[in-house]
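Remarks on the overall topology
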Amino acid sequence: QEQLVESGGGLVQTGGSLRLSCAPSGRTFSNYAMGWFRQAPGKEREFVALISWSGENIFYADSVKGRFTISRDNAKNTVFLQMNSLKPEDTALYYCAATLRSYNYRTNPRRYDFWGQGTQVTVSS
C-alpha cells in the first residue's frame, strides 16, 4: 500500500531542536509537493510547511517561520522538517502529506492525496 512514513519525533525541552523525516513506502513522490501538518489534542489539523517538487517554492505557517526549515532530497526520496527553538505550543502529532494540487490550497488538508501516520513531538516547559 502506498503511504508515507514519518520519523524523528520525541520529547525535547523548550528551545531544543528536532529533525523530522518523511519517506514514502511503495512509490516515489518526487513529482509531488510535500507538506507538513500538525495536530494537537482537541484542535484541528494545522498547516506547518510545504515544499514544491523541485524545492524552489517553500511556504511556512507564520507560527513557525524563522524556526522551522523544510527541505527534500529527491535522490533519497525523503522530506525533512528541521525544527529549532521549539516551544511548548509546538507539541502535536506531526504528519507529512503529498499533493499535486495548486499551492493555493496548501493549508487545506483535504487537498492532499497521501498521508503518513504521524510522529509525536512533545516540548516540555
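Heads up: the structure comes first, above all this text.
Since this is a predicted model, take the numbers as computed values, not measurements.

Quick look at the state of the cysteines
In total, this model carries one disulfide according to the counting rule given. Covalent S-S linkage joins C22 and C96, the inter-sulfur distance amounting to 2.0 Å. Here the disulfide of C22 and C96 is right-handed, its torsion about the S-S bond being about 55°. Within this pair, whereas C22 is found in strand β3 (residues 18-25), its partner C96 is found in strand β9 (residues 92-99), the two being separated by 74 residues in sequence. The two residues C22 and C96 agree in class, both being buried.

With respect to the sheet that holds β3
Taken in spatial order, the four strands of this open sheet run β1-β3-β8-β7, and their pairing is antiparallel. Each edge of the sheet is formed by a strand with only one pairing partner; in this case those strands are β1 (3-7) and β7 (68-73). Between one strand and the next, the sheet's axes are offset by a mean angle of 20°, whatever the strand orientation. With five bridges joining them, β3 and strand β8 (residues 78-83) adopt antiparallel strand pairing. Each residue of the ladder has a partner; that of L18, found in β8, is M83.

Cut-off values and rules
- Residues numbered from 1 in each chain as written.
- Predicted model: local features only at pLDDT ≥ 70, side-chain atom pairs only at ≥ 80, totals over all residues.
- Heavy atoms only, no water.
- Disulfide = S-S within 2.5 Å.
- Helix = DSSP H or I, 4+ residues; strand = E, 2+ residues; numbered from the N terminus.
- Buried < 20%, exposed > 50% of the residue type's maximum accessible area, 1.4 Å probe, protein only.
- Pairing = 2+ DSSP bridges.
- Axes fitted to C-alpha atoms, helices over the stretch in contact; angles between N-to-C directions.

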